[in-house]
Amino acid sequence: QVQLVESGGGSVQAGGSLRLSCAASGGTFSNYAGGWFRQAPGKEREFVAGISWNGGRTTYADSVKGRFTISRDNAKNTVYLQMNSLKAEDTAVYYCAVRRSLSATVRVRESEYDYWGQGTQVIVSS
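Residues numbered from 1 in each chain as written. Predicted model: local features only at pLDDT ≥ 70, side-chain atom pairs only at ≥ 80, totals over all residues. Heavy atoms only, no water.

Asks: Whenever I open this one, the packing of aromatic side chains confuses me. Can you help?
Replies: Evaluated as defined, the whole model comprises five aromatic pairs. Considering the side-chain rings of Tyr32 and Tyr115, the 6.3 Å spacing of their centres and the 65° angle between planes classify their relative orientation as edge-to-face. Of this pair, Tyr32 sits in strand S4 (residues 32-39) while Tyr115 sits in strand S10 (residues 115-116); the two residues are 83 residues apart in sequence, bridging distant segments of the chain. Consider the rings of Phe37 and Tyr113, whose centres lie 5.2 Å apart with planes at 80°: the pair is edge-to-face. Taken together, the positions of Phe37 in strand S4 and Tyr113 in the loop between strand S9 (92-100) and S10 put the pair 76 residues apart, joining distant regions of the chain. (Phe/Tyr/Trp six-rings, centres within 6.5 Å; stacked < 30°, edge-to-face > 60°. Helix = DSSP H or I, 4+ residues; strand = E, 2+ residues; numbered from the N terminus.)

What follows is the structure in structure tokens.
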């Protein structure tokens, strides 16, 4: 059983930056691919970014390409999401998720992820 705890959310003005962290425990972190999803009020949860088990492959939603960067530090059992040039439409609860996989393919569907964090709120004011 893997436990995930997100941190780093908060309120920021449009154009600002935040870095989210997702700390994992309870498993061999390097055996898991990681992902970030988000859910805005009144909307379904959507894929934001994903990273393979060794960080060699990343994938982004079109809406965040060029602004967000996903990374990981397997020595610290942590996945990060650096968010720059934030927009009001980035306001959402952000969730970290992992799936057991040593594949280079990054999955984008939430049903393919095994463990989830509780989420961290990001509010971007315009």
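Asks: I would appreciate a short explanation of the pairing of S4 in the present structure.
Replies: Where a strand is regular, its side chains alternate between the two sheet faces. Of all eight residues making up S4, seven are buried, and the element is well covered by its neighbours. Sheet topology places S4 next to S9; eight bridges connect them, and they run antiparallel. In the sheet register, Tyr32 faces S9, and the bridge partner there is Arg100. Pairing analysis gives five bridges linking S4 to strand S5 (residues 46-51), with the strands arranged antiparallel. (Buried < 20%, exposed > 50% of the residue type's maximum accessible area, 1.4 Å probe, protein only. Pairing = 2+ DSSP bridges.)

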